[in-house]
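Survey of secondary and tertiary structure
If you want the building blocks of each chain, they are given just below.
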Amino acid sequence: MESIISVSNVSKTYASGFEALKRIDLEIRRGEIFALLGPNGAGKTTLIGIVCGIVNRTAGSVTVARYDIDRDYRAARSLIGLVPQELTTDAFETVWDTVSFSRGLFGKPADPAHIEKVLRALSLWDKKDSRMMTLSGGMKRRVLIAKALSHEPRILFLDEPTAGVDVELRKDLWGVVRGLKEEGVTIILTTHYIEEAEEMADRIGVINRGELIVVEEKAALIRQLGKKRLTLELHERLEAVPPGLDRHHLTLSRDGRELVYTYDTQAQRTGITALLRDLSEAGIRFRDLATSQSSLEEIFVDLVRQGQ
Amino acid sequence: MNLHAVRAIYGFEMSRTRRTLLQSIVSPVISTSLYFVVFGAAIGQRIPEIDGVSYGAFIVPGLIMLMLLTQSVSNASFGIYFPKFTGTIYEILSAPVSYFEVLLGYVGAAASKSIILGLIVLATAGLFVPLRIEHPVWMVTFLVLTAVTFSLLGFIIGVWADGFEKLQLVPLLIIMPLTFLGGTFYSLDALPPFWQYASLFNPVVYLVSGFRWSFYGVSDVSVAISFSTTLAFLALCIVVVWRIFATGYRLKT
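What you see is a predicted model, and the numbers here were worked out from it, not measured in a lab.

Reading the values: rules and limits
Residues numbered from 1 in each chain as written. Chains lettered and ligands numbered in written order. Predicted model: local features only at pLDDT ≥ 70, side-chain atom pairs only at ≥ 80, totals over all residues. Heavy atoms only, no water. Salt bridge = Lys/Arg side-chain N within 4 Å of Asp/Glu carboxyl O. Buried < 20%, exposed > 50% of the residue type's maximum accessible area, 1.4 Å probe, protein only. Helix = DSSP H or I, 4+ residues; strand = E, 2+ residues; numbered from the N terminus. Pairing = 2+ DSSP bridges. Domains from an automatic or database assignment. Contact = heavy atoms within 4.5 Å. Buried area = accessible area lost by both parts, 1.4 Å probe. Polar contact = N/O pair within 3.5 Å; in protein donor to acceptor, adjacent residues only side chain to side chain. Nonpolar A, V, L, I, M, F, W, Y, C, P; charged D, E, K, R; others polar. Axes fitted to C-alpha atoms, helices over the stretch in contact; angles between N-to-C directions. Expected span 1.5 Å × (residues − 1). Parallel < 35°, antiparallel > 145°, perpendicular 65-115°, else oblique. Left-handed = near helix turned anticlockwise from the far one by under 90°.

1. Here we look at the pattern of salt bridges
Residue and element names in this part refer to chain A.
- Under the defined criterion, the tally for this structure stands at 19 salt bridges over all chains.
- In this structure, the salt-bridge partner of Lys 128 is Asp 129, at a minimum N-O distance of 3.2 Å.
- Of the residues examined, Lys 128 reaches a relative accessible area of 21% and is grouped as partly exposed.
- Accessibility expressed as a relative area gives 58% for Asp 129, which makes it exposed.
- A salt bridge links Glu 233 to Arg 287, with the nearest nitrogen and oxygen atoms 4.0 Å apart. Note that Glu 233 is positioned in strand 11 (residues 227-234) and Arg 287 in strand 14 (residues 286-293), a separation of 54 residues in sequence.

Printed below as a string of structure tokens:
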């Protein structure tokens, strides 16, 4: 698939000497939802800031729809909408004025019909004449999204858009994001709610300490890095895992009624046959068994730990 | 040219003035009226004419300049500092706008406000003292040039400031004293020779002198020097602003 953002060998060292990004290479594909995951201070916001023109990079180059972000900054930036992490708003402006301001700032002529469409989609229409300072945090977040969508961007950056947002808004928001994807808008999001990435994203990048550890299709990432768990419900309670089963690294549930075996789905031998044989030889019988895939969150935690 | 963006920034800044009409327009008019009452009517009556101009009328150009300088600096510095303070500057930095367009929006709005105020003060002065403007074109030229130049200075201060104290520091400690000592309320001839000479290092002297010449045809220093000094200061401000944008100084991390 054609790439719409191309980040090449980008580094950022702040004046304090802190190296926020280390030679990042990243291609964002046109029309995809790309989730950028990473712990606090990993470099997510810095990377977004560089692409959007807010942060000066120390080295490397970035193109947006093949436009160099320095040379052709007008063409590049007019394609991008940014929803920042912080709730930065003009307290005294009305919702309508601040959203219309953003449209003008991005070089688009006034279009009240479009602004109305955006405000309605984000359930902001009845607040259009309210001043920003009278809105709740969740409402302000909606306004920031409306501002970013006011100029009909082809690329949308959502920097932790659901931080501190209630469940209803989160659902609304993801509805809007799905709608945008259907319209062909490319979406790059960072989030702390990994289940969101798991649900929404096509591809996932994990960044830690300024380095991109992995960039992969979501399903492939889960498949490749994911571990599966085999849970055996025992007939009889066990006090401890019998010594003969040590090589399988089993864990026993607190009540002694479940044995859990973790295995790598990508390994040539999963070890299940051997385990079942050893269990039979040890005289341990089970009444039921179930397997489960590790979640993206578990994969993420593992990746970050490995990097530390 | 992204004219929509220029209009958006300009309109945003001007709407702030409309929202805060009382503090933006009414209070400067009241304070200027007080100057006229105190210096023009009360004390002024005891002061003889200067170069054939009554004292009340003599201080009008200086008072307009005082208003123009302080308002240009404070409007422009606040205009750019506030988005930095609240964080909304992200939108300006990420928008497809050139530095020139950003300046046109912010400095244009700040200068417009000062010019409007200057004209309001002029009209207010007309209520207290008889006025005459001998060189109206030059009067407007000095008015606009000064408003633009000091709005640029205000923009620089707004970018440089990293707290509200610093925002107040330059206007309070530099602009205000220079204006008061810049011949706003007196002719340089009234000073002892040493202070006359020292005053020539005060850029405001040239602004006030040139502006007063456009009203009454009399000046402390030659009009050509006044005009070129204003242009030189404008050029200096443009160079500094250009460097700010080129390096992202205190705007980008």
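From this point, things continue past the structure.
2. A few points about the pairing of strand 7 (residues 155-159) of chain A
All names here are of chain A.
- Where burial is concerned, most of strand 7 is hidden: five out of the five residues are buried.
- Burial of strand 7 is two-sided: the residues Ile 155, Phe 157 and Asp 159 facing one way and the residues Leu 156 and Leu 158 facing the other way are all buried.
- Where strand 6 (residues 80-83) lies against strand 7, four bridges are found, and the strand directions are parallel. Note on strand 7: the bridge partner recorded for Ile 80 is Ile 155.
- In terms of strand pairing, strand 7 meets strand 8 (residues 186-190) through five bridges, oriented parallel. By the bridge assignment for strand 8, Phe 157 is matched with Ile 188.

3. Observations concerning the domain arrangement of chain A
All names here are of chain A.
- Considered domain by domain, chain A is made up of domain 1 (3-222) and domain 2 (226-306).
- Between the C-alpha centres of domain 1 and domain 2 the distance comes to 41 Å.
- Across the boundary between the two partners, domain 1 contributes 13 residues, which contact 10 residues of domain 2.
- Note on domain 1 versus domain 2: buried area summed over both sides is about 990 Å², and carbon and sulfur give 78% of it.
- Counting across the interface, domain 1 meets domain 2 through zero salt bridges.
- Linking domain 1 with domain 2 are zero residue pairs in polar contact (both at pLDDT 80 or more), by the criterion used here.
- Counting only elements with at least two residues in the side of domain 1 that touches domain 2, the list comes to helix 7 (194-200), strand 9 (203-208), strand 10 (211-217) and helix 8 (218-225).
- For the side of domain 1 that touches domain 2, the per-class residue count stands at 10 nonpolar, two polar and one charged.

4. Brief notes about the interface of chain A and chain B
- With 29 residues of chain A at the interface, the matching set in chain B holds 26 residues.
- Of all residues in chain A, Arg74(A), Phe101(A) and Leu105(A) bury the most surface against chain B, accounting for 25% of the area lost on that side.
- At the surface where chain A touches chain B, the tally comes to two salt bridges.
- Ionic pairing is found between Glu101(B) and Arg74(A), a salt bridge with its closest N-O pair at 2.6 Å.
- The interface formed by chain A and chain B includes eight residue pairs in polar contact (both at pLDDT 80 or more).
- Where the side of chain A that touches chain B is concerned, the elements lending two or more residues are helix 2 (73-78), helix 3 (95-105) and helix 5 (137-149) of chain A.
- Its residues assigned to classes, the side of chain A that touches chain B shows 13 nonpolar, eight polar and eight charged.

5. Notes on the sheet that holds strand 6 of chain A
All names here are of chain A.
- Taken in spatial order, the six strands of this open sheet run 6-7-8-3-9-10, and their pairing is mixed. This sheet does not close on itself; its edge strands, each paired only once, are strand 6 and strand 10. Strand-to-strand twist in this sheet, taken as the mean axis angle between neighbours without regard to direction, amounts to 15°.
- Sheet topology note: the strand 3 (residues 33-37)/strand 8 ladder contains four bridges and is parallel. Looking at the pairing, Leu 36 lines up with Thr 190 of strand 8.
- Those strands touched by helix 1 (residues 44-52) are strand 3, strand 6, strand 7, strand 8 and strand 9, and its axis lies near 150° from that of strand 7.
- Contacting strand 6 and strand 7, helix 5 runs over the sheet at an angle of about 170° to strand 6.

6. Some words on the pairing of strand 1 (residues 3-13) of chain A
Residue and element names in this part refer to chain A.
- The pairing of strand 1 with strand 2 (residues 19-29) spans seven bridges and is classified as antiparallel. Across the sheet, Ser 3 pairs through a bridge with Arg 29, a residue of strand 2.
- Between the antiparallel neighbours strand 1 and strand 2 lie five residues, among them Gly 17 with a positive phi of about 100°.
- With five bridges connecting them, strand 1 and strand 4 (residues 59-64) associate as antiparallel partners. Within strand 4, the position partnered with Val 7 by the bridge is Val 62.

7. A word on helix 7 (residues 164-180) of chain B
Residue and element names in this part refer to chain B.
- Given a rise of 1.5 Å per residue, 17 residues ought to cover 24 Å, and the 23 Å separating the end C-alpha atoms of helix 7 matches this to within 8%.
- For helix 7, the set of buried residues is Leu 167, Val 170, Pro 171, Ile 175 and Thr 179.
- Those residues of helix 7 that are buried lie in contact with helix 3 (55-86), helix 6 (136-160) and helix 9 (203-216).

8. Thoughts on unusual backbone geometry
Residue and element names in this part refer to chain A.
- Even without a glycine there, the phi angle at Asn 9 is positive, about 55°.
- The residue Asn 9 is located in strand 1 in this model.
- The backbone of His 249 shows a phi angle near 50°, a positive value even though the residue is not glycine.
- Along the chain, His 249 falls in the loop between strand 11 and strand 12 (251-252).

9. Structural notes on the packing of helix 5 (residues 99-128) of chain B against helix 10 (residues 223-247) of chain B
Residue and element names in this part refer to chain B.
- Relative to each other, helix 5 and helix 10 sit at 125°, their axes nearing to 11 Å. When the axes of helix 5 and helix 10 are compared, the pair comes out oblique. Where helix 5 crosses over helix 10, the two elements pack in a sense that is right-handed. Of the residues in helix 10, those in contact with Tyr 99, Val 102 and Leu 103 of helix 5 are Val 241, Phe 245 and Ala 246.

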